[in-house]
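# Remarks on the overall topology
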Amino acid sequence: GTIYWSLVAQMTAAPLALSDLLFATNTDLSNSSQIFTSPGGGSSFGNTGLDAKKLPAGISGRIWYKFVNTGSENCVLGFNTANAQTGYAGMEAGIFFGNGPTTIKHIDSGTPGGSYGSPTTNYFYGLYRDGETGAIKLQYSSDEVSWTDIATLTYNSTGDLYIVCDISGSQTMSYPKGQNIA
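Within every chain, residues take consecutive numbers counted from 1 along the sequence as written. Note on the predicted model: pLDDT of at least 70 is required for a residue's local features to be given, and 80 or more for side-chain atom pairs to be given and counted; whole-chain, interface and lining totals, by contrast, use all residues. Calculation of side-chain values draws on the structure's entire complement of heavy atoms; hydrogens and water are dropped beforehand.

Right, let's talk about the side chain of asparagine 80 for a bit. Following the sequence through the fold, asparagine 80 ends up in strand S6 (residues 75-80). The definition of a polar contact used here is a pair of N or O atoms within 3.5 Å, where within protein one atom must be able to donate a hydrogen and the other to accept one, and adjacent residues in sequence count solely through side-chain atom pairs. Engagement of the side chain of asparagine 80 in a polar contact is seen with the backbone oxygen of alanine 82, the distance being 3.2 Å. Between two residues, a contact is recorded if the distance between any of their heavy atoms is within 4.5 Å. Every residue in contact with asparagine 80, bar those within four places of it in the chain, is listed here: Thr86, Gly90, Met91, Glu92, Asp160, Leu161, Tyr162 and Val164. Elements are defined by DSSP. Helices are runs of H or I of four residues or more, strands are runs of E of two residues or more, and each kind is numbered from the N terminus.

Next up, the structure:
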């Protein structure tokens, strides 16, 4: 009956569309095989990128990058409601590794915070937005398929969310991707 058809619909639902993030609007970031590096000099943020794609209004999806543990991954990946490059303080939601990078942290309404333990080498860390409720969660995965919640941000949005990054001087962000971005 009804339960059977519900299960069939769930099992045959289309998978989330997967895309590499490119941040092509910032020529200061170099891209070598999906490893983005900011220009040298100093340890300050301000090397920002804006991806050409966004997470459309009302759509569930996620963005993430891989923690490869090079010791030079001082970067933030996030969502912004404005279609413009911005530093981490202008992001509505973001995820980053702090303290060298030894701690998983978040950006919530432009404010850095949280302390969610140490990232695991070769795991993936990112943000998931529920298109119906607007809830945004920090998540991690070992395989880019199954995801585990780390925390839920207070900021939420069902509107368009633009994908932004901010990479500190001479630092990298590895293999950023998104699902259901257009």
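More follows now that the structure is in view.
Among the buried residues, those of types Ala, Val, Leu, Ile, Met, Phe, Trp, Tyr and Cys that are joined through side-chain atoms within 4.5 Å form a nonpolar core. Working definition: with a 1.4 Å probe on protein chains only, accessible area under 20% of the residue-type maximum means buried, over 50% means exposed, and in between means partly exposed. In this structure, Phe23 and Phe79 are the most contacted members of the largest nonpolar core, which totals 34 residues. The contacts of phenylalanine 79, once residues within four sequence positions are left out, are Leu55, Ile63, Met91, Glu92, Ala93, Leu127, Arg129, Ile136, Leu161, Tyr162, Ile163 and Val164.

Here the focus is the packing of aromatic side chains. When two rings of Phe, Tyr or Trp (its six-membered ring) have centres within 6.5 Å they constitute a pair, described as stacked for plane angles under 30 degrees, edge-to-face for angles over 60, and tilted for the intermediate range. Evaluation of the coordinates by the stated rule reveals eight aromatic pairs. Where tyrosine 65 meets phenylalanine 97, the ring centres are 5.5 Å apart and the plane angle is 65 degrees; that geometry is what we call edge-to-face. Taken together, the residues tyrosine 65 in strand S5 (residues 61-67) and phenylalanine 97 in strand S7 (residues 93-98) connect sequence positions 32 residues apart. Per residue, the accessibility class of tyrosine 65 equals that of phenylalanine 97, and both read buried.

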